[in-house]
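Overview (structure and organization)
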Amino acid sequence: MNTKGFIKRILPFIGAFSLGLFIASFFVSVGLPRFGGGNRGMRGEYKRQFRMEMERLRQENFELKNQLREMQLDRTVNGTGSEMRPVEAMPLIDVPPPPMPPVAPHVHR
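Residues numbered from 1 in each chain as written. Predicted model: local features only at pLDDT ≥ 70, side-chain atom pairs only at ≥ 80, totals over all residues. Heavy atoms only, no water.

**Some words on the pattern of salt bridges**
Enumeration according to the criterion identifies three salt bridges in this entry. Of the charged contacts, one joins Arg48 and Glu45 as a salt bridge, the two residues approaching to 2.8 Å between their closest N and O atoms. Of the two residues, Arg48 and Glu45 are both situated in helix H2 (residues 40-78); the distance of three residues between them amounts to about one turn of the helix. In this structure Glu45 comes out as partly exposed when scored by relative accessible area, which is 28%. Here Arg56 and Glu53 are joined by a salt bridge, their closest N and O atoms 2.8 Å apart. A residue pair is termed a helical-turn pair when its members lie 3 or 4 positions apart in one helix, as Arg56 and Glu53 do in helix H2 at three residues. (Salt bridge = Lys/Arg side-chain N within 4 Å of Asp/Glu carboxyl O. Helix = DSSP H or I, 4+ residues; strand = E, 2+ residues; numbered from the N terminus. Buried < 20%, exposed > 50% of the residue type's maximum accessible area, 1.4 Å probe, protein only.)

Quick look at the structure:
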């Protein structure tokens, strides 16, 4: 009786599991994933582009730091350091109020 009950319980489970794997195999690869990729040439191209972008950003950062340093030196040479122009205030505009929220639907029982 134990063997017969065990088979009655395990057989449907194995059948459903194998059917599920069969259906899933149409949508998902059941094999081991390939993490290496296979196109190693593209990885080198990405690295080269990354290095070029980093070098361009370093150069731009260096130039901006030099410009800032020159502006600070000019300000200390001129004495007052008030090279900044005053900003005009924007005119005040009346903003309309937001619309009223929609009425919640009533639930009739």
